[in-house]
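# A closer look at the structure
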Amino acid sequence: ITSANFLPIGGSLTASVSSTATLSSGGSVSYSITASGTGSGSATIDPLTYVISGLRGGTVLLTASTSGDTNYSVVSATQTITIGKGRPTLLVGASTTTIRVGDVLSISSTSISIAGSPASTGGITYRIVNTVGVGGATIDGLLGVLKAEAAGFVVVEATQGSDSNYYSPVPATLTITINKGSQTLTISSIDMMGLDGSIVPVVTSTATGG
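My aim in this report is to walk through the structure given alongside it, one point at a time. Each chain has its residues counted from 1, running along the sequence as written. Local features in this predicted model are restricted to residues whose pLDDT is 70 or higher, and side-chain atom pairs enter the listing and the counts only when it is 80 or higher, whereas totals over whole chains, interfaces and linings include all residues. As a convention, hydrogens and water are excluded, and side-chain values are obtained from all of the structure's heavy atoms.

### Focus on the nonpolar core
We count it as follows: Among buried residues, those of type Ala, Val, Leu, Ile, Met, Phe, Trp, Tyr and Cys that are joined through side-chain atoms within 4.5 Å constitute a nonpolar core. We call a residue buried when its accessible area falls under 20% of the maximum for its residue type, exposed when it is over 50%, and partly exposed in between, using a 1.4 Å probe and counting protein chains only. Each helix is a run of H or I in the DSSP string that is no shorter than four residues. Each strand is a run of E no shorter than two, and both are numbered from the N terminus. The contact rule is simple, with two residues in contact once any of their heavy atoms fall within 4.5 Å.
Ranked by internal contacts, the top residues of the largest apolar core, which has 17 residues, are Ile107, Leu146 and Ile176. Every element with two or more residues in this core is listed here: strand S8 (89–94), strand S10 (104–112), strand S12 (136–139), strand S13 (145–150), strand S14 (152–160) and strand S15 (172–179). Here this core gets four residues from one element, more than from any other, and that element is S15. Leaving out residues up to four positions away in the same chain, Ile176 has contacts with Thr96, Thr97, Ile99, Leu105, Ile107, Gly152, Phe153, Val154 and Val156.

This is the structure we're talking about:
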């Protein structure tokens, strides 16, 4: 077997062989993929194109067999193929990207794994990586709950850890526009006083910090 013995999850290679048969072809060649040991990987091979696709990290056994012909007998060869880690795609989003000061917004992420491969189990975390203008917000690093605190723009970054099948994906970012919030004023001082008396007006606001 002359083809490579390594491919990543989601990657592919074409199986190939060379033969010492010189008087004729030695017969047609067929290929098969089987598991290789405990905790082995997973792969498929196209019976027509002989393209091997890696599905799960670990090792698999590639077997190539000839059918033989009038000059040569049937023979087979095996090769252990290592399937290395792949890299999923991380997407981040929210129901809206425009909120107001005081609003709370849930940020969510989707990790897109290689088709036919296990889903990535790496944990996803969030953080605010920078602000543009005077925007400000806080975010729960695990839940992705963002609270707007100052008008402007903020950029939220989502990252995902690695696992046994995948490296960490490229971090994903989302820009949130924070507009001015609305506030309510409440006058709570007394509404009566005597002649020549005085009162101290007391007013409270729903704006953060009063």
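From this point, the narrative continues.
### Observations concerning the sheet that holds strand S5 (residues 51–56)
Basically, it comes down to this: At least two bridges found by DSSP between two strands are what make those strands a pair. Axis definition: a line fitted to C-alpha atoms, limited for helices to the stretch in contact. Angles are taken between N-to-C directions and run from 0 to 180 degrees.
Pairing is antiparallel across the open sheet formed by three strands, whose spatial order is S2-S5-S4. Each edge of the open sheet is held by one strand with a lone partner, namely strand S2 (12–14) and strand S4 (42–45). Across the sheet, the mean angle separating the axes of adjacent strands is 25 degrees when strand polarity is ignored. The pairing of S2 with S5 spans three bridges and is classified as antiparallel.

### Some details on the sheet that holds S12
On the basis of which strands lie adjacent, the open sheet formed by four strands has the order S8-S10-S13-S12 and antiparallel pairing. Here the strands that pair on one side only, and so sit at the sheet edges, are S8 and S12. Between one strand and the next, the sheet's axes are offset by a mean angle of 30 degrees, whatever the strand orientation. Relative to S10, S8 runs antiparallel, the two sharing six bridges. The residue of S10 that forms the bridge with Leu91 is Thr110.

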